[in-house]
Amino acid sequence: MDTTQRDSQQRAHEERRRELLEAADRVVLRDGPGASMNAIAAEAGITKPILYRHFGDKGGLYRALAVRHTDALLAALRAALDAPAQRRARVEATLDTYLAAIEARPQVYRFLMHPADDQSEGQPEQGFDVGRHAAPLLRRLGEELAQVVAERVDLGPDGAEKARVWGHGIVGMMHAAGDWWLRDRPCPREQLVSHLTDLLWGRLAEAGDREGGPAF
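Residues numbered from 1 in each chain as written. Predicted model: local features only at pLDDT ≥ 70, side-chain atom pairs only at ≥ 80, totals over all residues. Heavy atoms only, no water.

Colleague: Sorry if this is basic, but what is going on with the overall build of the protein here?
Modeller: Helix and strand counts for the protein come out as 9 helices and 2 strands. Walking the protein from its N terminus toward its C terminus, one meets helices and strands in the order α-α-α-α-α-α-α-β-α-α-β. Considering the protein as a whole, with its 216 residues, one finds that 40% of them fall into the buried category. Across the protein, every contact between residues at least 6 apart in sequence was considered, and the portion connecting residues at least 24 apart equals 67%. Within the structure as shown, the protein displays about 11,500 Å² of accessible surface, and the carbon and sulfur contribution to it stands at 51%. (Helix = DSSP H or I, 4+ residues; strand = E, 2+ residues; numbered from the N terminus. Buried < 20%, exposed > 50% of the residue type's maximum accessible area, 1.4 Å probe, protein only. Contact = heavy atoms within 4.5 Å. Areas by Shrake-Rupley, 256 points an atom, 1.4 Å probe, with all protein chains shown as cover.)

Right, here's the structure in full:
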């Protein structure tokens with residue numbers, strides 16, 4: 001097989017994988033944590049063995065969906081951080097971007113972060129092991145945000161350590177507060193954003209931008 005044929009097959013495989021992920025997304029949007037491999041295969045018009053061929057197992061498909069949605073969320077968060085605005089406005093926009101994302105697609109959020117209520121440990125084939133891989137997603141978001149802080153904010157001689165603490169701390173705050181807010185809706189989203197920004201603002205307001213780095 002020559003290079004052209006291999007490239008063509010690789011593109012076809014990637015396109016088919018994308019189509020299967022889109023089918024899985026439609027099922028997750030409908031069923032949330034109750035999404036199943038059977039339902040996804042039916043939505044895609046294929047059999048479960050074909051899904052396994054592309055993703056290995058349910059865990060592989062779950063991780064592919066998690067990467068897909070985390071990539072999209074990170075792109076949106078970076079856009080908010082890069083918006084031409086004052087620092088506090090960018091902080092508010094970043095928090096609002098996260099909350100708006102989980103509000104717009106709550107079933108996807110619950111699929112990624114919360115186990116299905118009727119899932120049984122003794123019967124793993126009933127559904128995905130959803131919600132139990134949340135920690136790697138949050139760690140990835142924390143590391144990404146830590147890198148942004150380290151590149152943009154002058155935190156002094158121990159800035160790299162502080163940036164990682166801040167990155168993971170901010171993500172933890174967003175996740176915990178967002179999870180509570182999405183379930184209970186105790187206040188409008190913009191009010192929650194304002195309260196969380198107030199909580200973050202103390203040291204962020206005082207710190208200068210890193211010399212030669214992008215502003216924050």
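Colleague: Honestly, helix α7 (residues 134-152) in this entry has me stumped. Any pointers?
Modeller: Every α-helical turn comprises 3.6 residues, leaving residues that sit three or four positions apart pointing alike. Compared with an ideal rise of 1.5 Å per residue, which puts 19 residues at 27 Å, α7 spans 27 Å between its outermost C-alpha atoms and is within 8% of the ideal. For α7, the full list of buried residues reads Ala134, Leu137, Leu141, Gly142, Leu145, Ala146, Val148, Val149 and Arg152. Residues of α7 that are buried in the fold lie against α4 (58-81), α6 (106-113), β1 (153-154), α8 (159-184) and β2 (208-209). (Expected span 1.5 Å × (residues − 1).)

Colleague: Would you explain the side chain of His54 in this entry?
Modeller: Along the polypeptide, His54 turns up in helix α3 (residues 48-55). Taking relative accessible area as the criterion, His54 reaches 15% and is therefore assigned buried. Every residue in contact with His54, bar those within four places of it in the chain, is listed here: His13, Arg16, Arg17 and Leu20.

Colleague: Where do I start with α3 in this structure?
Modeller: Buried within α3 we find Leu51, His54 and Phe55. For α3, the buried positions fall inside an angular range of 80° around the axis, keeping them on one side. Exposed positions of α3 whose direction lies more than 90 degrees from the buried face are Pro49 and Arg53. If you follow the buried residues of α3, they end up packed against α1 (3-31), α2 (37-44) and α4. Where α3 ends, the next residue or the one after it, Gly56, has phi of about 90°, a positive value. (Arc of directions from axis to C-beta.)

Colleague: Just to check I follow, could you spell out the confidence of the model for the protein for this structure?
Modeller: The share of residues in the protein with pLDDT of 70 or more is 90%, and the mean pLDDT across the chain is 86. Here residues 120-125 is modelled with pLDDT under 50, and outside its nearest four sequence neighbours on either side it reaches 6 contacts, counting other chains as well. (pLDDT = per-residue confidence, 0-100.)

Colleague: Please clarify how the packing of helix α5 (residues 87-104) against helix α9 (residues 189-206) should be interpreted in this entry.
Modeller: Between two packed helices, what matters for the description is the angle formed by their axes and the separation of those axes. Viewed as axis vectors pointing N to C, α5 and α9 meet at an angle of 135°, and their least axial separation amounts to 9 Å. The pairing of α5 with α9 is recorded here as oblique in orientation. In this structure, the crossing between α5 and α9 has a hand that is right-handed. Only Arg189, Leu192, Val193, Ser194, Leu196, Thr197, Asp198, Leu200, Trp201 and Leu204 of α9 make contact with α5, whose side of the interface consists of Arg87, Arg88, Val91, Glu92, Leu95, Asp96, Leu99, Ala100 and Glu103. Among the residues making up the contact of α5 with α9, the classes are represented as 10 nonpolar, 2 polar and 7 charged. (Axes fitted to C-alpha atoms, helices over the stretch in contact; angles between N-to-C directions. Parallel < 35°, antiparallel > 145°, perpendicular 65-115°, else oblique. Left-handed = near helix turned anticlockwise from the far one by under 90°. Nonpolar A, V, L, I, M, F, W, Y, C, P; charged D, E, K, R; others polar.)

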